[in-house]
Every structure is written in C-alpha cells, then in structure tokens.
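What follows is each chain in one-letter form.
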Amino acid sequence: VLAASSLVSAFLGLMRNRLLGNQFGAGGETDVYLAAFRIPDFIYGIVVMGGITVAFLPLFAEYASRGKEEAWEFVNNLLHVLLVVLGAFCALLAFAAPLLMELVAPGFSLEQKASAITLTRLLFLSPVLFGISSVFSGVLQYHNRFIAYALAPVLYNLGIIAGIVFLAPSIGVLGVGIGVVAGATLYLLIQIPSFFALGFVWKFAFRPKDPSIAKVLRLALPRIPGAMGYQFNVIIMTSLASLLSSGSITAFVFANDLQSFPVNLIGVPFATAVFPVLSRAFAEKKEADMKAAFASALRHVILLVLPIAGLMFLFRAAVVQLSYGVGNFDAKDISLTTALFG
C-alpha cells in the first residue's frame, strides 16, 4: 500500500515540478517560490519530521500497552500543546520574514524579496497543519491503518498541482502557495475519519509541563541535530544560488528532488511500515523481533535503492529531460539541472 502510494506521490511530485517549470521556467518567479519554502521547510524538517514523527510513535506504543485511556489522554494533550506552541512559533517567524529572507536569498531584487516574504508568511501555515497531521499519522501507523495515511501525500501534491494549473496563470506564484496550503489541509483532513474511527474522543487538554511532553522532547533531541544539518545545508545552497544567475535556485531544487526519488519511493515506505513494528516490539521488550524486522527492512531497501540510483545516474540527462523538459524549461535549464543532478 505504501509503495504504491509513494510511487503515485513521487510521480505527482515530478509532475508538480514539471508543471511549475512549464509555467514559469527556471527563472525569477520559480526561484521566489522555492526560496519562500526554505524557512517553513526548515521548521517542518526539524520540529515535525525530525522531532514529533520520530518521538510520538514509540511513546504512543508505550502508553497504549498500558491502556487506551492513557494513550488517548497523551494524544489529546500533545495535539493542543503542538497547536499552541507551534502556531505561536510560526507566527513569530512569519513576523520576522523580512529578516529571514535576507539570509535565505540575499541576491534577490527588492521586488523578488517582497514577493518571497508574502509567500513565506502564507506557507508558515503548512508546518502547523503537518504538525497536527503527524500525530494522526502516528496513531494510524500504530494500528496498521495505512490507507488514509498513504493517500495524504497524494492529496498534498494534487493541491499544489491545482494551484499551478488553476491559480498561477492569473495570480502567479501566490496561487502555487495557496495550492500548498490547500494540499496541507487535505493531508490533514483525509486522516481525520480513520483517526476518530479508532475510538479517539476530543477533550480539551493543555498541560505543557506534563511528563509525557518532556518525554517527547527527550526522544526528539538526539534526532534534531541531524535534521538541522540537512536543512541548514539546503538553506546555505539556496542563499548561494540566489547570488548566481536567475534560475539557479530552481535548478538546484529540481536536481535535489530527483536525487531524493529512490529514497522517497523505496526508503520512506519501508521505514514507515517497519516503524510501528519496531515500536511495538520495543514496548513489549521483544528484542529478537525488533532486530529481525530492522534487518529485513534494511536488506530490502539496499537491494532496491542501489539499482534505481545507479540507473538514474547513468541516464541522468535523459531523466532530467523526461522529467522537466517542457514549455518554458528550456535547454539551458535542462543542462544546468543535469550538471547538478550528476
């Protein structure tokens, strides 16, 4: 299920970039849109992917092994703490967007910076939506309810594609940003029915000093430096690319998305599928089962990723041409993206 949804989502991700390149080319507007993503993506990568997603499932498994009531109490409290704390943090960063954009894209013109600031402020809604969604996703994964979780990234990409197709021709990259927020909203909404079907009952709870919140932080902290390292690298590369010719940011991001294709297609589905198994085995102190599941997933990932990555490297020019070579994305853009991809 996850492999199939990842294949569809990866295809839609390539289609999204293809349509973006066709609409704007590797130029100023696309650079603005991709630069505006950097700080919201930084928050998403550290707080959501590097923190909540990693820490939530093992803790939920631990509380669920004691009883449903304790598990749902933990979920209720975490949802409210996340909404308030992450929402306030993103609002503060949105206020500081002009300063942040000076760091992310110092080479932009005043007009580009103004557009990027507006778009960044809009995109700060996404980490909040994804933060809440990550809790829903963790509960669904624990109960092996993968259908809604698998459909979520597909709907996210469809939201962005709708923004490119229907809104971008009239209002430019702002329309793509609206598509991103719409996609993130769909990502959240598709999981809600399955989440409540598991027996969740909403109750207001806001206890940021609860020991369970401290446990989430303790589990997340070791993972955060690694996530920060990757996100800082992307921001620095974006900042340097903004000082080069127009379209350099687009070429870098498009090449980076292509090199992530094998990971998203193979690595992420296997990791998502095996993580609940590992969490339950750890909570139940079944060390042998945990080792066996980890070794099996690792073998499959290596055997599948290496051939795909090798073929993509050997035929990189054709891969870039087929993925992005349409409309305003011209031969020069293809050549630059291919060089970065190789």
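Structure: see above.
The text that follows walks through the structure, step by step, so that each part is easy to find. (Residues numbered from 1 in each chain as written. Predicted model: local features only at pLDDT ≥ 70, side-chain atom pairs only at ≥ 80, totals over all residues. Heavy atoms only, no water.)

1. Regarding the nonpolar core
Across soluble globular proteins, you tend to see nonpolar side chains buried next to one another.
Stage number 1. Grouped together as the largest cluster of nonpolar side chains are 98 residues, with contacts concentrated most on Tyr33, Phe56, Phe60 and Val75.
Stage number 2. Each residue touching valine 75, except ones within four places of it in the same chain, is listed here: Phe56, Phe60, Val135, Val139, Phe195 and Phe200. (Core = buried A, V, L, I, M, F, W, Y, C linked by side-chain atoms within 4.5 Å. Buried < 20%, exposed > 50% of the residue type's maximum accessible area, 1.4 Å probe, protein only. Contact = heavy atoms within 4.5 Å.)

2. Re unusual backbone geometry
Stage number 1. With phi around 55°, asparagine 144 is a residue other than glycine that occupies positive phi space.
Stage number 2. For asparagine 144, the position within the fold is in the loop between helix H7 (125-142) and helix H8 (146-171).
Stage number 3. The exposure class assigned to asparagine 144 is partly exposed, which follows from its relative accessible area of 43%.
Stage number 4. Of note in this structure, lysine 285 is not a glycine but carries a positive phi near 60°.
Stage number 5. Along the chain, the position of lysine 285 falls in the loop between helix H14 (261-283) and helix H15 (287-314). (Helix = DSSP H or I, 4+ residues; strand = E, 2+ residues; numbered from the N terminus.)

3. A closer look at the packing of helix H1 (residues 2-24) against H14
Stage number 1. It is the contact of H1 with H14, at a shortest axis distance of 9 Å, that shows an interaxial angle of 150°. As the angle between them shows, H1 and H14 are arranged roughly antiparallel. Between H1 and H14 the crossing geometry is right-handed. Taken together, the residues of H14 that come into contact with H1 (itself represented by Leu2, Ala3, Ser6, Leu7, Ala10 and Leu14) are Phe261, Asn264, Leu265, Pro269, Thr272 and Ala273.
Stage number 2. Residue composition of the contact of H1 with H14, grouped by class: nine nonpolar, three polar and no charged. (Axes fitted to C-alpha atoms, helices over the stretch in contact; angles between N-to-C directions. Parallel < 35°, antiparallel > 145°, perpendicular 65-115°, else oblique. Left-handed = near helix turned anticlockwise from the far one by under 90°. Nonpolar A, V, L, I, M, F, W, Y, C, P; charged D, E, K, R; others polar.)

4. Section: the pattern of salt bridges
Stage number 1. Under the defined criterion, the tally for this structure stands at ten salt bridges.
Stage number 2. Connected through salt bridges with shared partners, the residues Glu62, Arg66, Glu70 and Lys215 form a single ionic network. (Salt bridge = Lys/Arg side-chain N within 4 Å of Asp/Glu carboxyl O.)

5. Observations concerning the side chain of glutamine 231
Stage number 1. Within the secondary structure, glutamine 231 sits in helix H12 (residues 224-242).
Stage number 2. On the accessibility criterion, glutamine 231 (11% relative accessible area) is buried.
Stage number 3. The contact partners of glutamine 231, leaving out residues within four places of it in the chain, are Asp41, Phe42 and Gly45.

6. Let's talk about the environment of valine 176
Stage number 1. If you trace the backbone, valine 176 turns up in helix H9 (residues 173-189).
Stage number 2. Valine 176 gets classed as buried once you look at its relative accessible area, which sits at 0%.
Stage number 3. Beyond its immediate chain neighbours, meaning those up to four positions away, valine 176 contacts Leu20, Phe24, Tyr33, Ile160, Gly163, Ile164 and Ala168.

7. What about H9?
Stage number 1. With 17 residues, H9 should reach 24 Å at 1.5 Å per residue; the first-to-last C-alpha distance of 24 Å fits that figure.
Stage number 2. Considered for burial, the residues of H9 that qualify are Val173, Gly175, Val176, Gly177, Gly179, Val180, Val181, Gly183, Ala184, Tyr187 and Leu188.
Stage number 3. Buried residues belonging to H9 abut H1, helix H2 (28-36), helix H6 (110-123), H7, H8 and helix H10 (192-197). (Expected span 1.5 Å × (residues − 1).)

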